[in-house]
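# Descriptive analysis of the structure
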Amino acid sequence: MKNRQHWSSRYVFLLAAIGSAVGLGNIWKFPYIVGEHGGGAFILVYLLCITLVGIPVLIAEVFIGKTAQANPVAAFTNLAIQVKASRFWVIFGYLGVLTGFLILSFYSVVAGWSLEYLSVFLQNSLLGFDAKAIEDHFLSVLASAPTLLLWHSIFMVLTVIIVGRGIKSGIEKMVGIAMPLLFIILIILVIYATQLDSFAQTLHYFLDPDFSKLNTQAVLIALGHAFFTLSLGMGAMMIYGSYLQKNTPIVRLSFGIAIMDTLVALLSGLAIFPLIFAHHLEPSSGPSLLFISLPNALLALPFGQFFGIAFFFLLLIAAISSAVSILEPVVAYLVQKTQYSRGKIVSMVGAIIWLIGIGVLLSFNHWSEVKILGNNIFDSLDYLTANILLPLGGLGIALFATWILDKNPKTSIGMVGIPHKIWWLATAFLAPVAIITIAYNGLI
Ligand code: PHE
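Below, the structure is looked at part by part.

Rules used in this analysis
- Residues numbered from 1 in each chain as written.
- Predicted model: local features only at pLDDT ≥ 70, side-chain atom pairs only at ≥ 80, totals over all residues.
- Heavy atoms only, no water.
- Salt bridge = Lys/Arg side-chain N within 4 Å of Asp/Glu carboxyl O.
- Helix = DSSP H or I, 4+ residues; strand = E, 2+ residues; numbered from the N terminus.
- Buried < 20%, exposed > 50% of the residue type's maximum accessible area, 1.4 Å probe, protein only.
- Near = heavy atom within 4 Å.
- Polar contact = N/O pair within 3.5 Å; in protein donor to acceptor, adjacent residues only side chain to side chain.
- Areas by Shrake-Rupley, 256 points an atom, 1.4 Å probe, with all protein chains shown as cover.
- Nonpolar A, V, L, I, M, F, W, Y, C, P; charged D, E, K, R; others polar.
- Expected span 1.5 Å × (residues − 1).
- Contact = heavy atoms within 4.5 Å.

The next thing to look at is the pattern of salt bridges. Applying the stated criterion across every chain, the model contains three salt bridges. Between Glu328 and Arg342 there is a salt bridge; the shortest N-O distance is 2.8 Å. Linking Glu328 in helix α14 (residues 304-338) with Arg342 in helix α15 (residues 342-362), this pair joins segments that are 14 residues apart in sequence. For the residue pair Glu328 and Arg342, the accessibility class agrees, reading buried in each case.

This is how it looks when you write it as structure tokens:
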């Protein structure tokens, strides 16, 4: 493909991929699922999932994209033809596109909460509120469909604009500014948290595992989260890999992505939990941890407004740089498929996701009684995508990369010796077995 766009450099790819990986998953979801599942023990299982399953599958996914130089659907199709494998593999390309639609529709709603809280802290409108009033504020935001719709719409428009501008003038430019900023803000927030007496308690909480709260469900959640946080299983890393030059070595880059992502998750925990503990709040309060407990804690502290602004701005940039990577594979596929312009496709896809998002935001108020298998629409989408669809997509990617592509000399991954053996065993056996066993037990 002569005219295919490519990243300006490997460094830019790294920034964009870290931008994809680092998102609401790290700053919003990771701290609260750690809190719900007892701290250190859960972190341990999560780190195992990242190392044994996440990194091998990440290498596999970037490898498929780089080799195919194409969007996920075309990648599976073309490569299967090239190595004379079954056309069935393309199912995983379509699965990825579908998953992208679903993830972004609820991701955008949560990202909208960060816009709401950014605006709240900018105006300092929670000043003087007691704990109950702060909680009520979040509940009233959830209860107000127009408020949720406003922020969801703004977030979708921002995402659509960036993706609409393409790789070089959209995504590259944005991550070039956003990612360095994100790291600076995060480090300032962690330094702030180290000044609190409760910092030691946080280290204790992280390092002192309580295994009693670990069950198979928790292990499934850790595994699902490993996929979610590394943006695996739906083609985001594949499409980013496809914009690399074909001869780029990818193993070290993949490690770089996974290490930075894990670091940000742990640092976010170190920034958030000391605030929570300082105010004797419950770390296990679930998805509202960041929007009730954290504002509560912040407002009682010196410079709380300033750090609140910094925090929710951090959350916003992390969310945008992930959202663009959820949209990109869907858009790249449809542009190639329909030959419409990128602008047209982005607007259409953005509009459909925005509409699904309305269903999601209504599940917090008018449609809260609409249940799918006992959960509301939001929880169902979150659970379905992170714990079922992404691991399933990851399974397909792992098997295709090892048993189909790497087996063929024309499309082998180009690693040699022991590193190759380790990657192969992890990706062809260990990851699939882990995914199947955990999913089987977790779902039953
Ligand atoms: N990794 C992102 C996060 O942690 C979410 C994401 C999932 C992005 C799947 C792309 C694909 O928030």
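Alright, that's what it looks like, and here's the rest.
The next subject is the site of the ligand. Close to the ligand lie 15 residues, the nearest being Ala21, Gly25, Tyr107, Phe228 and Ser231. Separating an oxygen atom of the ligand from a backbone N or O atom of Leu24 is a distance of 3.1 Å. About the coverage of the ligand: the protein hides 100% of its 330 Å² of free accessible area. Of the residues in the shell around the ligand, the class split is seven nonpolar, eight polar and no charged.

Residue position: Ser322 is located in helix α14. Since its relative accessible area comes to 2%, Ser322 is described here as buried.

Okay, helix α12 (residues 251-278) next. A rise of 1.5 Å per residue sets the reference length of α12, with its 28 residues, at 40 Å; its end C-alpha atoms lie 41 Å apart and thus fit the reference within 8%. Downstream of α12 by a residue or two, His280 has a phi angle that is positive, lying close to 55°.

Right, let's talk about the environment of Phe155 for a bit. Considering the arrangement of structural elements, one finds Phe155 in helix α7 (residues 145-164). Classification of Phe155 by relative accessible area gives buried; the value is 0%. For the pair formed by Phe155 and Pro274, sequence separation is 119 residues and the distance between their alpha carbons is 29 Å. Setting aside residues up to four positions removed in sequence, Phe155 forms contacts with Ser108, Ala111, Leu115, Leu316, Ala319, Ile320 and Ala323.

That's the geometry; what it means functionally is another story.
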